[in-house]
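A closer look at the structure
For reference, the chains in residue letters:
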Amino acid sequence: MKSYIAFTTKEFTEQLRTHKALIMFTVFLLFGIMNPVTAKLTPIILEMFMPEGVEITLGDPTALDSWAQFFKNIPQMGIFVLAIVFNGLMANEFTKGTLINILTKGLSRSTVILSKFSMAILLWTASYILCFAVSYGYTIYFWSNDIVYNLLFAVFVLWLFGVLIISLLLFGGVLFKNSYGSLLLTGTTVVIMFLINIVPILQKYNPVLLSSSNMDLLTGKMQPSDFTASIIVTTALTMTFIVVAIPIFNKKRI
Amino acid sequence: MNILNIEKISKSFGKNKVINDLSFSVPENSIFGFIGQNGAGKTTTMKMVLGLLKADSGKITVLGEPVVYGQTKTNKYIGYLPDVPEFYSYMTPKEYLKLCGDITGMDDKTIKIKSDELISLVGLDKANKRIGGFSRGMKQRLGIAQALLNEPQLLICDEPTSALDPKGRKEILDILSTVKGKTTVVFSTHILSDVERICDRVAVLHSGKLALAGTLPEIKAQHKNDSLIVEFAVLEELECFKAIINGCSLIKAVEELNKGIILHTYNILEAEAVVLSLLSKNNLLPLKLEVAEPTLENLFMEITA
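What counts and how
- Residues numbered from 1 in each chain as written.
- Chains lettered and ligands numbered in written order.
- Predicted model: local features only at pLDDT ≥ 70, side-chain atom pairs only at ≥ 80, totals over all residues.
- Heavy atoms only, no water.
- Helix = DSSP H or I, 4+ residues; strand = E, 2+ residues; numbered from the N terminus.
- Areas by Shrake-Rupley, 256 points an atom, 1.4 Å probe, with all protein chains shown as cover.
- Lys, Arg positive; Asp, Glu negative; His and termini not counted.
- Charge placed at Lys NZ, Arg CZ, Asp CG, Glu CD.
- Patch = residues over 30% accessible without salt bridge, like charges linked within 9 Å, V, L, I, M, F, W, Y side chains within 5 Å.
- Salt bridge = Lys/Arg side-chain N within 4 Å of Asp/Glu carboxyl O.
- Buried < 20%, exposed > 50% of the residue type's maximum accessible area, 1.4 Å probe, protein only.
- Domains from an automatic or database assignment.
- Contact = heavy atoms within 4.5 Å.
- Polar contact = N/O pair within 3.5 Å; in protein donor to acceptor, adjacent residues only side chain to side chain.
- Phe/Tyr/Trp six-rings, centres within 6.5 Å; stacked < 30°, edge-to-face > 60°.
- Lys NZ or Arg CZ within 6 Å of the ring centre and 35° of its normal.
- 1 Å grid on protein atoms, 1.4 Å probe; cavity = no way out; pocket = protein on both sides within 12 Å on 5 of 7 lines; lining within 4 Å.
- Points joined across faces, edges and corners; volume = space filled by probe spheres on them.
- Nonpolar A, V, L, I, M, F, W, Y, C, P; charged D, E, K, R; others polar.
- Buried area = accessible area lost by both parts, 1.4 Å probe.

Our next topic: the overall build of chain A. Within chain A one finds 11 helices and 0 strands. N-terminal to C-terminal, the α/β element order of chain A is α-α-α-α-α-α-α-α-α-α-α. The principal-axis extent of the C-alpha atoms belonging to chain A is close to 75 × 45 × 35 Å. Surface exposure of chain A reaches about 12000 Å², of which carbon and sulfur atoms provide 71%. Each charge class in chain A can be summarised by its mean position, and for the 16 positive and 11 negative side chains these summaries are 28 Å apart.

Next up, the structure:
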């Protein structure tokens, strides 16, 4: 336990001192501001640039438009930033050889993986909450949030999707020992999940559901229970990636 | 008692057999020099001892306990200094030692005392900055400090001096001599003067096998030299000597020096007697007549040739 705490502390120190935490917080803070502000300003901007005589009737933006921005930006740009920040989580240790000292001191390899996993989840959670809190603040300041259903649940499932991505990045890093492998595996898996989504009966099991149908929750078109299968699959996949990464790592030459 | 025992280990990378049926042991409280050319398999052997590489066959024990590939318990007895030690560049030496101490399960107080002691032993007390700005030599010293942190019974250093300047080398060797008595040191190198300076036992690794092993005096005695050096003050005397010695049946080969000559002989004692009598008969007075001491370098060249 002591070695777990020591190594996790080291992971946080690393994220802070190599400015990765700063990048995460800044980007997600910006997203947090952007989502409601874009929703608010889009009609005004459109009006300004509209040529003389052309009339488009745009309804006044609502809280739903703000959340639509949130659930568009985070699954795309947000997850992308997450992958960029964490793709070197394992790979950097391999390529720099920094683990040799640590492992010959008797740190178990599973602790390495679990420490990195917990740190990444915590940093992702903190950035995500920051983004959500800022978006929420602006949204209720501009509009009424009464028309929005299941907001917290929709936010939770997207968070869970982020955790899956982190486990994939770690798994890829252990498997290929470099950051390209980590990114490639994550990218390929996401593409495969989107391809699977073409088959309608599989959609409800697909982890992609957690990052693509959030607005349907907010409008009440879908209910939380519609997400149960996907949540179970996503959690199982995340755990599998982490559990399988350990024996693979044990066999890796460093 | 032997602290490290290696029995008949072999290791191949693909078709390339790096270690071939290698056996040796390291007695307690010695400084053991592990010599070999670049690529001879020194690092491979050390990594197998640490359980970082899997041996194809054979058995390794540390303090009687077998080494297992992957997670090996025997590493708690070992301090390891890799050839190029890599640290987290954003940490300071003290933070790094704290991390190492926490991982090995030392308590905070011991870590504090031990790391202060080691940091001053390796001369890093004034370097309280992040490791990212360290020179190679400073990293090497920190490497020794981290390797000695948990008071290991066996310290394994992989070419600790190869990349350092003469001053840095001397300092590292001095540190290694200091820990002798408390810790058994195994260090690999291809710098033979380092070995002669501090080691009391050596093993020479050549094409995956042990070409030579034992204490330094033993080895030198076994490979007693056969060469006689004769030097003169003026060239004429040398020419004259060369003329009279030419054709002597005891001389195997002749090597010329600036104002002297090296005679490789079949029998050093007889040859020396003959040379002395020839010198006096011809009234030649050499500046120097010497039986060449076998150097580790000569032995090494002989073995690896």
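This paragraph deals with a nonpolar patch on the surface. Residues Val 191, Ile 192, Leu 195, Ile 196, Ile 198, Val 199, Ile 201, Leu 202 and Tyr 205 of chain A make up a contiguous nonpolar surface patch of about 830 Å² in total accessible area. Assessed through its relative accessible area of 68%, Ile 201 of chain A is described here as exposed.

Okay, the domain arrangement of chain B next. Many analyses report the size of an interface as the accessible area lost when the parts associate. All names here are of chain B. Entries for chain B in the domain assignment read domain 1 (2-221) and domain 2 (227-304). Between domain 1 and domain 2, the C-alpha centre-to-centre distance is 42 Å. Across the contact, 13 residues belong to domain 1 and 7 residues belong to domain 2. At the boundary of domain 1 with domain 2, the tally comes to 0 salt bridges. Linking domain 1 to domain 2 there are 0 residue pairs in polar contact (both at pLDDT 80 or more).

Think of it this way: side chains of opposite charge can pair up when their charged atoms draw near. Scanning the entire structure with this criterion turns up 26 salt bridges over all chains. The salt bridge involving Glu 14 of chain A is made with Lys 10 of chain A; its shortest N-O contact spans 3.0 Å. With Glu 14 of chain A and Lys 10 of chain A both in helix H1 (residues 2-17), this residue pair falls 4 residues apart, about one helical turn. Each of the two residues, Glu 14 of chain A as well as Lys 10 of chain A, counts as buried. Lys 242 of chain B serves as the salt-bridge partner of Glu 256 of chain B, at 2.8 Å between the closest nitrogen and oxygen. Linking Glu 256 of chain B in strand E12 (residues 251-256) with Lys 242 of chain B in helix H8 (residues 235-245), this pair joins segments that are 14 residues apart in sequence.

This brings us to the packing of aromatic side chains. Tallied over the entire structure, the rule returns 24 aromatic pairs over all chains. Here Phe 87 of chain B and Tyr 96 of chain B contribute two aromatic rings whose centre-to-centre distance is 4.9 Å and whose plane-to-plane angle is 85°, an arrangement assigned as edge-to-face. The exposure classification of Phe 87 of chain B matches that of Tyr 96 of chain B, with both residues buried. Chaining the aromatic ring pairs together yields one cluster made of Phe 28, Phe 31, Trp 67, Phe 70, Phe 71, Trp 124, Tyr 128, Phe 132 and Tyr 136 of chain A. The side chain of Lys 10 of chain A reaches across the aromatic face of Tyr 88 of chain B, ending 4.1 Å from its centre. Taking NZ or CZ as reference, Arg 109 of chain A lies 5.4 Å from the ring centre of Phe 249 of chain A, over its face.

Turning to the layout of surface pockets, a few remarks are in order. Residue and element names in this part refer to chain A. Its boundaries defined by the atoms lining it, the largest pocket holds a volume of some 400 Å³. Forming the boundary of the largest pocket are 18 residues, of which Pro 75, Gln 76, Ile 79, Val 190 and Phe 194 lie nearest the centre. Counting residues per element, the lining of the largest pocket draws most heavily on helix H3 (residues 63-86), which supplies 7 residues. A per-class count over the lining of the largest pocket returns 11 nonpolar, 6 polar and 1 charged.

With 29 residues of chain B in contact, the opposing surface of chain A contributes 29 residues. Where chain B abuts chain A, roughly 2600 Å² becomes buried across the two surfaces, and 56% of that area is made up of carbon and sulfur atoms. Two residues, Asp 108 of chain B and Lys 2 of chain A, come together in a salt bridge whose shortest N-O distance is 3.5 Å. At the junction of chain B and chain A, the tally comes to 9 residue pairs in polar contact (both at pLDDT 80 or more). If you list the elements that add at least two residues to the side of chain B that touches chain A, you get helix H2 (93-104) and helix H4 (136-148) of chain B. If one sorts the elements of the side of chain B that touches chain A by residue count, H2 of chain B sits on top with 7 residues. For the side of chain B that touches chain A, the class distribution of residues is 17 nonpolar, 5 polar and 7 charged.

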